[in-house]
Structures are given as structure tokens and as C-alpha cells.
Amino acid sequence: MATDVSSPGWRWRGLGPAIPALALLALFFVIPVVSLLLRSVLEPQFGLQNYAELFATSTYARVFYNTFVVASLVTAVSLLLGYPVAWLLAIMPQRWANLVLAVILVSMWTNLLARTYAWMVLLQRTGVINTTLMKLGLISEPLALVKNLTGVTIGMTYIMLPFIILPLYASIRALDPTTLQAAALCGAGRWQAFRRVLLPLSAPGAAAGGLMVFVMSLGYFVTPALLGGTSHMMLAEMIAQLVQSLLNWGLGSAAAFLLLSVTLALYAVQIRFFGGMR
Amino acid sequence: MTPAFLSIRSLRQTYGSVVAVDDVSLEIPEGEFLTFLGPSGSGKSTTLYALAGFNEPTSGDILLRGASILSTPSHKRNIGMVFQRYTLFPHLNVRENVAFPLRVRGRPAAEIAAQVDRMLALVRLDGYGDRMPGHLSGGQQQRVALARALAYDPPVLLMDEPLSALDKKLREEIQIEIRRIHRETGVTILYVTHDQEEALRLSDRIAVFNHGRIEQVGSGRDLYHDPATRFVASFIGDSSFLDTAETKVAGERGRVVFPDGTVVADLPVHRSAGAASSGPAAGQVMVRPQSLRLDVKGQGLPVRVLDVTFLGDSSTVQFQTAWGQELWMRASAEAIAGVSPEATFHVNWNPAESHLFL
Amino acid sequence: MLLSYNRLGGLGLALWAITILVCLFLLVPIIFIAALSFGSSQWLVFPPPAWTLRWYRDLAADPRWLDAALTSAKVGVLSAALAVALGLMASFALVRGRFPGRNLLKALFLTPMVLPVIVFAVAIYALFLRIGLNGTLVGFVLAHTVLAFPFAVIPIVNSLEGFDKSIEDAAVLCGASPLRAKLKITLPAIRIGLFSAAIFAFLISWDEVVVAIFMASPDLQTLPVRIWGALRQDLTPVIAAASTILVAFTLLVMAAAALLRRRISK
């Protein structure tokens, strides 16, 4: 009846029930992703030519640039709009906060395509925004709001706002109001108290949320593909086109690998400095 | 020799290089209330878990009515257990909780109903059958757990610090209940606690655990009056230990000279396992606080008063010997009237009530 | 001061203004689509000149939409069931196992959630092309199970961590076999976690677009793929109707889930 402590059975105690899930993820997640990445150095022949081509071709470089610009813009706008909301949300009476949270959750769980479709309709040349502005006499010609950077930024910000508000809300809520009372007693005015106390204290939450939004934006597919123009293509759409329309798997895989490495690197930064993701 | 009702033989449990239980043997007669007493990490819970079948001993054996139970899985051992935390099934009401072991055993519904009623009456929770565990107090939950563990008439009931989550007053109330239930059912109980008072209050016998070994097994009286080791002496009851300058042993009695020259003779001697059987080894003298008396005639050990504490039913006085060791006395407030810090006295005690440990 | 609601003064007003604007920004498009789906204008003029159910009738008349909805439901239910079953077993290993690399395993289990979907979509598309699972129900279910898996594991692990294993041990000592103790005692005790896992997993699959676009064939499409295809052609109000149904369904599932959860936890 004695148990041999050094036997492998004891060492791997409790792993058993994870095996089916492990098998699923190995077969249908790890293996396909790894073999996709391998294709970037194997097709059409072994070498780094795909990566060389990606960086050398101006069309592709332009896509990287676009992707970076859109992700930065979306992150900045989301932070600017989301910070005041998270702030108020953290201190407002609970029943109001519940209402605002409900709005955010409903928006988050509404089908992505439905939401993107809504913006396509709202922003089009004959859409409500243009007609209203023209009726008010603010503009004489309809503005080009869609199939360009404006459209993508509006649509993506709309999608990303909840992802910045919720973590920021949690981190501001965790702050102790007495620290700000202490700041006031020390003679700090409102602006001073904000700049020297509230902002630095909430910065980790803002940075964590911002980083998450930035990373998510980098790889976003649906919204940019529908709201952006062909001249404003982003990385995810390019990958899809490379493999689906152009059947250039080598180049597509190389682009996917770049996206993957940037994403994982940024998540690593996040885990390292902000202690994990929630 | 006929085998005992329950015997634990040379039980040993190691985890890697850590020895949790080291050669524990016990013979337990049917119907006994035996407590495993010891500090945390002393191996008492590990021994209990081996009985429950939650861990497989590295070596040794456990026999119930002469047959080894080690190869029987937990759920077929038919042993009852009450845990440290409240372990009622949260989605079942009180009745269903108590009925669970009977349902598992496929007993007929009418029998289950009758037995559940009996059990709820036993733990004095009749009328609580429809309550959910979340709506019960901690004490009530543990009583339901007790009813559930006894519902299938197990030959042995294990209790792993079942009262440690309760406050002192409630704990004493339930201790009385447990004693009553033990009397009424006659079930053999193995009870784990680190609380010596609880152990003394409840048990027929106590096994004192330390570092994975049993230091002594005996009734509370035995352990208190005749501790086998320094550890038992210090763990059961309050005590003070005094160093000696010189020790002379003749048979079972010893004579010591304290560092200040005071001589005390006729001390009962206890040899620890490692000590040489003869020779002038410097032993330690253990005195219980209530054995000490002030000696007005100026005989005994000269001491200085450090502090006097009033505790209601009694008072304690903290002394210091000439060589700097501390010594406690417990006495009625009248007996120590007029004792105040910095005063010097002589203290005395009946040597037969103290112990010399070698 | 800055964190005391009642002492914000004029600043509070500014914060409220931004909050209300953001709430409107989040809510208006959804309401707008729902309204347009009942409007008579082909060109989505707002406010609509008249109200009609025409687009819903068009939707119902086209069997491809119904087929797509059915496929979505089938894929969602199967993926959720698979993700919850595998997630439940995996959670036992993650919470109770004591083996080297447990944290690594946990990280692996959560990776499908953080990896850009496009990378996974292209990768699984390549694999399924090779083994002939593209455009099949099995392919959809497998791919969506991978994506839904982290969302199933998280609530189950959380509830299992909050469950005292002694309770299961008590059931075993009461005479229940380890498996029976898990089925009769542990699973009911963590049912809220299981339930959340099922809802999350289902909604992840139900709303998933990117993988589905790659996986779909003309014969087998989920609802989001249908909408995607239609969107790329024109902005017909039929899409508004389909979107409204999709949103209504999601809200219904969430509301039902919230209600059920409240009832379960009583």
C-alpha cells in the first residue's frame, strides 16, 4: 500500500482530467498556429525572404503604419473619453453606477457586426450625421466619414471604450479617498491634487487598460475591414487577403507572425509591469 | 492477545524528505473517546487522515476489528468524520444532508426518514430539517455535520478540530453536547485538537503528539500528574521549569542543588529517551503554578516578585530566582494579600508534586 | 475631494456631461438600428417615412437566413457543451492538481482569449483545408470550442476555487464514490460557475465572425457570416432586421441568465 514518492505518477498527480482539453488545444490551436508560423520561413522556399518582402514593399509598410496609427489613435481617444467616465463611475451612487455599467455591458455584448453596421449606416454620405449637419447649415457638402481613418477610429473607439472603462473603474474604485483629502490638507488645489495624486495613482490602471486596447486594436479585423477604405487597410485584413484571395501563404504567415510577436511582447510587458490581465 | 477494536501499528507518513508521522502505534478499545493533542504540524491530523483514507501511509498498518482497512477506499470504510470547516452540502437542506449517506447506501425511504429524525433529535435540531446550511449558525452546522456522520452508525467517528471555528462560549456548549452524544451512542471517537483544555474536558484518553511521534498516551490525570516528557509537562497544564546546578539520582528519586545553592530532595525522576541512566547530568525541575506556596518561615527557594496579576477566580504572581529564571505561582487573592513587586520571599512546594527531568 | 461624489462641484457636472455623452455614444447606434429595421426606407433614411415589418418578412422568406440562424444555434450549443465539459475537467486539474508547470498550463488555456483572432482563424483555416474540415459543422464546432474554452474555464476555476474540497471529502466518507461525490455534491455546488461558463461560451460562438468567415462554405454559414456577406454588398435594411434579432437574442440570453442565476443562488 506504500506510495513511492519519486514515481512519475505522484509527480504528475492531478494532471489527468486536463488531458482532453490539452489534446484539443494541442491539435486545434498550438499545432495549427505553430505550423502557420513555420510556413512563413518555408514557403515558397526556406529562408527569410517573406519577411524581407514585407519590410521592403511600400504597400505592406503602409499597412503596418496604418495599423499603428489607428491603434494609437483609438487608444488615445478611448483613454480621453473613458477616464472621466471611469472616474465618475467609481464614486457615483451605486444605483446610478449600476445603470451606467448596464449600458456598457449591453454595448459590449451586442453583436460586433450589428454595431459596426450601425456606424456604417450612421456615417455614410446620406447618413443621419451628414444630413443633420447639412440641415443645420454647418456644412454644405456631405463629409466623408466612412471608408477612411475617421470611420475606423470612430468605429473602433466605440468597440474599445468598455475595455478601457472597466479596468480603469476598478482601479480608481480601489483608491482610498482619504489620500486626496490628505492632499487637500497639504494645500493642494484641485488641479494640483489631480495632477500630483489622482493621476499618478490611477496611472497603472490607465496604462493597463490602454495597453490592452492597443494590443486588441492591432489585430482587429471586422471593424477596420468594413469602416476603413482600401487605402487604409490594417494588418488583420491584409493577412486575410494574402491567404484567402492571393493564396500567398508564406507572406500571410510572416505577417501573422509579426502580429503575434508584437501582441505577445506587449502582453508580456503588461504582465510584467501590471501583474496579469483580467 | 486478542487484537484491540482499532489498532494503529507503526504508522509512518513521509512527504519527500519530510516525516509527518513517525512510527505511531495505538491500541484503541471500542467505545473509547481518544484525543490526539498536539501543536499544528505534529502529525495528529495526518494520522487521522490516514484513518479516513485521504492519504496512504508510507508504511505501517491500521486494523479495525483485526482486519486491515488500508486497502479499502475511503467511501467503503464506513467511517464517520466531522471536519474543521463546515462541510454541509450547500445545495441540500438539513434533512437531505443527514439523509445523504443513507441514500448512497440505498436504504429504503421510510428507514431513511426515521433515521434522519432520530439523528436530528440526537443533536437537538428537530424542526430544523428544512433549513438550508447557509441559514444556520456555525454551531448548528457542526451539529448537522455530526448527525450526518453518525447517521449510518459508523464504528468509528473522526473529528478534526470540529470546534476551532467557533467562539469560546459556543465551543464549551458543544463540547458538552459531544460528551452526551458519545455517552448515548457509545461510538468510538478519535478527536483531534490543539486545545489542551478541550482535550481534558472531552477525552477518556489523550495521545500527545509532537514532531510526528506520540510522546505519551494516558488519561488527562496521568498526563498532568505524571508527564513522561518535558514536552507533555509543558503542553498539559501550566508549568515553570528551573535549571539545576547539580543533580543526584537514586532510584526513582532525585536530589538537586539549584544555582543559588538551595537544595531540594525527593523529586520524582523522569528520564528522557536520550539521557544517560546515571551520572551527574544537570536536570530540570518542573513545578506547577498551584503547587507553589509562600513560606513565611524563610525556608525554600528565595525569589523576588516581578508582577502580580488579578484574574478573578485566582491571582498569579510572577517571581524571579536569584539566577534570573522566572517562576509562576497561582493562588487565591487572600493567600497572596500583601505581595507586591520588588518584595522578596521564599517559596516552597511539595517535592512529590514536581518533577525532575533528566 | 476629487474622490468624494458630493464635493466635486462644477467638475462633477463636467464628468456627468462626458459620461452621459459616452453612454449615448454606446447606446444610440444600437437603438438606431432597431428603429431602422422597422422603417420603410430602402435607403435607411432617418427618421423613417413610415413603419413596416417588411424587412422581417423578407428575412423570414429567405431560407438562407433561417438556415444560418439554425447553424449558429447548433454550433453555439455544441461548442458551449464541449467547452464546458472539457473546461470542467481541466479546472479540476488546475485547481486541485499539484504537478510541475501548472501555471504554464493555465496560461496555455487562456491564450486563445488573447491571441489575435485573425492569427488563429488563418491557422485553423490552413489546417482544416488540409484535413477537409472546412465548411463542416465539426470544423465550426472545434474552432469555436477553442475560442470559447478560456471563457468557460475562467468561471469554473473561480467557482471551484471557492468550493471547499472538504465538502467533497465529507461526501466520500459518507459512502459516495469519488465520482459520485463530484457529480452529486461538487457539481451542484459550483453550478453557478458552470452556468456562467455555458452562457459565455455560447455567446462567444454565437457572435464570432472572423473564424466563421474563413470556415464558412456557401452551404454552411452562421448568422454573422450571412450578415458579413450581405454587408459587403449593400446596406439593405434586411441586415438591420437581422442585427436587431441578433441583439435581441443576446439580450434575452443575458437577461434569462441573470434571472436564472439569481434563482439558482437562492
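Residues numbered from 1 in each chain as written. Chains lettered and ligands numbered in written order. Predicted model: local features only at pLDDT ≥ 70, side-chain atom pairs only at ≥ 80, totals over all residues.

What about the overall build of chain A?
Here comes step 1: Helix and strand content of chain A: 13 helices and zero strands.
Here comes step 2: Going from the N terminus to the C terminus, chain A shows its helices and strands as α-α-α-α-α-α-α-α-α-α-α-α-α.
Here comes step 3: Each principal axis of the C-alpha atoms in chain A carries an extent, and together these give about 65 × 65 × 35 Å.
Here comes step 4: Burial status across chain A gives 44% buried among its 278 residues. (Helix = DSSP H or I, 4+ residues; strand = E, 2+ residues; numbered from the N terminus. Buried ≥ 20, exposed ≤ 12 C-beta atoms within 10 Å, placed from the backbone.)

Description of the overall build of chain C
Here comes step 1: A tally of helices and strands in chain C yields twelve helices and zero strands.
Here comes step 2: What you see in chain C, going N to C, is helices and strands ordered as α-α-α-α-α-α-α-α-α-α-α-α.
Here comes step 3: Taken over the C-alpha trace, chain C has a radius of gyration of 23 Å; the compact-globule value for 266 residues is 18 Å, which it surpasses by more than 25%.
Here comes step 4: When the backbone C-alpha atoms are referred to their principal axes, chain C occupies close to 70 × 65 × 35 Å.
Here comes step 5: Across the 266 residues in chain C, those meeting the buried criterion constitute 50%. (Rg over C-alpha atoms; globule rule 2.2 N^0.38 Å.)

Looking at the sheet that holds strand β16 (residues 293-294) of chain B
In a beta sheet, neighbouring strands are held together by backbone hydrogen bonds and run either parallel or antiparallel to one another.
All names here are of chain B.
Here comes step 1: Here five strands make up an open sheet; going across it, the order is β16-β20-β17-β18-β19 and the pairing antiparallel. Strand pairing shows two members of the sheet lacking a second neighbour, β16 and β19 (326-331), which therefore form its edges.
Here comes step 2: Two strands pair when backbone bridges link them, and strand β17 (residues 301-310) and strand β18 (residues 315-321) are joined in this way by seven bridges, in the antiparallel orientation. Of the residues in β18, the one forming a bridge with phenylalanine 310 is serine 315. (Pairing = 2+ DSSP bridges.)

Notes on the interface of chain A and chain C
Here comes step 1: On the chain C side, the residues contacting the 71 residues of chain A number 71 residues.
Here comes step 2: Sort the elements by how many residues they give to the side of chain A that touches chain C and helix α6 (residues 112-123) of chain A lands first, with ten residues.
Here comes step 3: Among the residues making up the side of chain A that touches chain C, the classes are represented as 57 nonpolar, ten polar and four charged. (Contact = placed C-beta atoms within 7 Å. Nonpolar A, V, L, I, M, F, W, Y, C, P; charged D, E, K, R; others polar.)

Examining the interface of chain C and chain B
As a measure of interface size, the accessible area lost when the parts come together is often cited.
Here comes step 1: On the side of chain B, 19 residues touch chain C, which itself brings 15 residues to the contact.
Here comes step 2: Those elements giving two or more residues to the side of chain C that touches chain B turn out to be α7 (165-173) and α8 (178-189) of chain C.
Here comes step 3: The element contributing the most residues to the side of chain C that touches chain B is α7(C), with seven residues.
Here comes step 4: Here the residues of the side of chain C that touches chain B sort into ten nonpolar, three polar and two charged.

Notes on the confidence of the model for chain A
Residue and element names in this part refer to chain A.
Here comes step 1: Across chain A, the average pLDDT comes to 86, with 95% of residues at or above 70.
Here comes step 2: Per-residue pLDDT, averaged within each element of chain A, yields its smallest value for helix α1 (residues 8-11) (59) and its largest for helix α2 (residues 19-42) (93).
Here comes step 3: In this model, residues 1-8 is a region of pLDDT below 50 whose contacts with residues beyond four sequence positions or in other chains number eleven contacts. (pLDDT = per-residue confidence, 0-100.)

Some points on the sheet that holds strand β5 (residues 67-68) of chain B
All names here are of chain B.
Here comes step 1: Across the sheet, four strands lie side by side as β2-β1-β4-β5; this open sheet has antiparallel pairing. Either end of the sheet is taken by a strand with one partner, and the two such strands are β2 (18-28) and β5.
Here comes step 2: Examined bridge by bridge, strand β1 (residues 6-15) and strand β4 (residues 59-64) share five bridges and lie antiparallel to one another. Counterpart to arginine 12 in the pairing with β4 is serine 59.

Considerations on helix α4 (residues 102-114) of chain C
Here comes step 1: In a regular helix each residue adds 1.5 Å, so 13 residues correspond to 18 Å; α4(C) covers 19 Å between its end C-alpha atoms and thus fits that length.
Here comes step 2: The sharpest bend along α4(C) reaches about 25° and sits at C:Leu108, with the proline C:Pro112 one to four residues further on.
Here comes step 3: Every buried residue of α4(C) is listed here: C:Leu105, C:Phe109 and C:Pro112.
Here comes step 4: Those residues of α4(C) that are buried are in contact with α2 of chain A together with α3 (63-96), α5 (117-131) and α6 (137-161) of chain C. (Expected span 1.5 Å × (residues − 1). Bend = angle between axes of the 7 residues up to and from the residue.)

Let's talk about the pairing of β19(B)
Residue and element names in this part refer to chain B.
Here comes step 1: Bridge analysis of β18 against β19 gives six bridges, and the strand direction is antiparallel. What sits directly across from glutamine 318, in β19, is tryptophan 328.
Here comes step 2: In this structure, the hairpin formed by β18 and β19 is closed by a connection of four residues, where glycine 324 is found at a positive phi of approximately 95°.

Focus: the packing of helix α2 (residues 94-104) of chain B against helix α4 (residues 138-150) of chain B
Residues and elements named next belong to chain B.
Here comes step 1: The interhelical angle for the contact between α2 and α4, taken along N-to-C directions, is 30°, at an axis separation of 7 Å. Regarding the angle of α2 to α4, the classification is roughly parallel. Note that α2 runs across α4; the crossing there is right-handed. Within the contact between the two elements, α2 uses Val94, Asn97, Val98, Phe100 and Pro101 and α4 uses Val144, Ala147 and Arg148.
Here comes step 2: Taken together, the residues that form the contact of α2 with α4 break down as six nonpolar, one polar and one charged. (Axes fitted to C-alpha atoms, helices over the stretch in contact; angles between N-to-C directions. Parallel < 35°, antiparallel > 145°, perpendicular 65-115°, else oblique. Left-handed = near helix turned anticlockwise from the far one by under 90°.)

A short note on α6(C)
Here comes step 1: For α6(C), which comprises 25 residues, the first-to-last C-alpha distance of 34 Å matches the rise-based estimate of 36 Å (1.5 Å per residue) to within 8%.
Here comes step 2: Of all the bends in α6(C), the greatest reaches close to 40° and is centred on C:Ala148; the proline C:Pro150 follows between one and four positions later.

Points about the nonpolar core
Here comes step 1: A:Ile239, C:Val122, C:Ala152, C:Ala201 and C:Val211 are the most contacted members of the largest nonpolar core, which has 265 residues in total.
Here comes step 2: In terms of residues, this core owes the most to one element, α6(C), which gives 15 residues.
Here comes step 3: Taken domain by domain, this core gets at least three of its residues from each of domain 1 (6-235) and domain 2 (240-357) of chain B. (Core = buried A, V, L, I, M, F, W, Y, C linked by C-beta atoms within 7 Å. Domains from an automatic or database assignment.)

Quick word on the confidence of the model for chain C
All names here are of chain C.
Here comes step 1: With 99% of its residues at a pLDDT of at least 70, chain C reaches an overall mean of 90.
Here comes step 2: Ranking the helices and strands of chain C by mean pLDDT puts α6 first, with 95, and helix α12 (residues 237-265) last, with 85.
Here comes step 3: Scored as a complex, the prediction yields pTM 0.84 and ipTM 0.88.

Observations concerning the environment of C:Pro155
All names here are of chain C.
Here comes step 1: Looking at where proline 155 falls in the secondary structure, it is placed in helix α6.
Here comes step 2: Judged by the 23 C-beta atoms lying within 10 Å of it, proline 155 falls in the buried class.
Here comes step 3: In this structure, the C-alpha to C-alpha distance between proline 155 and isoleucine 190, residues 35 residues apart in sequence, is 9.5 Å.
Here comes step 4: Here proline 155 is in contact with Gly193, Ser196, Ala197 and Phe200, once residues within four sequence places are set aside.

Quick notes on the environment of C:Gly97
Here comes step 1: With respect to the helices and strands, the residue C:Gly97 is situated in the loop between α3 and α4.
Here comes step 2: Along the chain, C:Gly97 and C:Ala258 lie 161 residues apart, while their C-alpha atoms are 32 Å from each other.
Here comes step 3: Ignoring any residue separated from it by four or fewer positions in sequence, one finds C:Gly97 in contact with A:Arg13, A:Gly14, A:Leu15 and C:Arg102.

Regarding the environment of C:Trp16
Here comes step 1: Relative to the assigned elements, C:Trp16 resides in helix α1 (residues 10-37).
Here comes step 2: When the C-alpha atoms of C:Trp16 and C:Leu183 are compared, they prove to be 50 Å apart, with 167 residues separating the residues in sequence.

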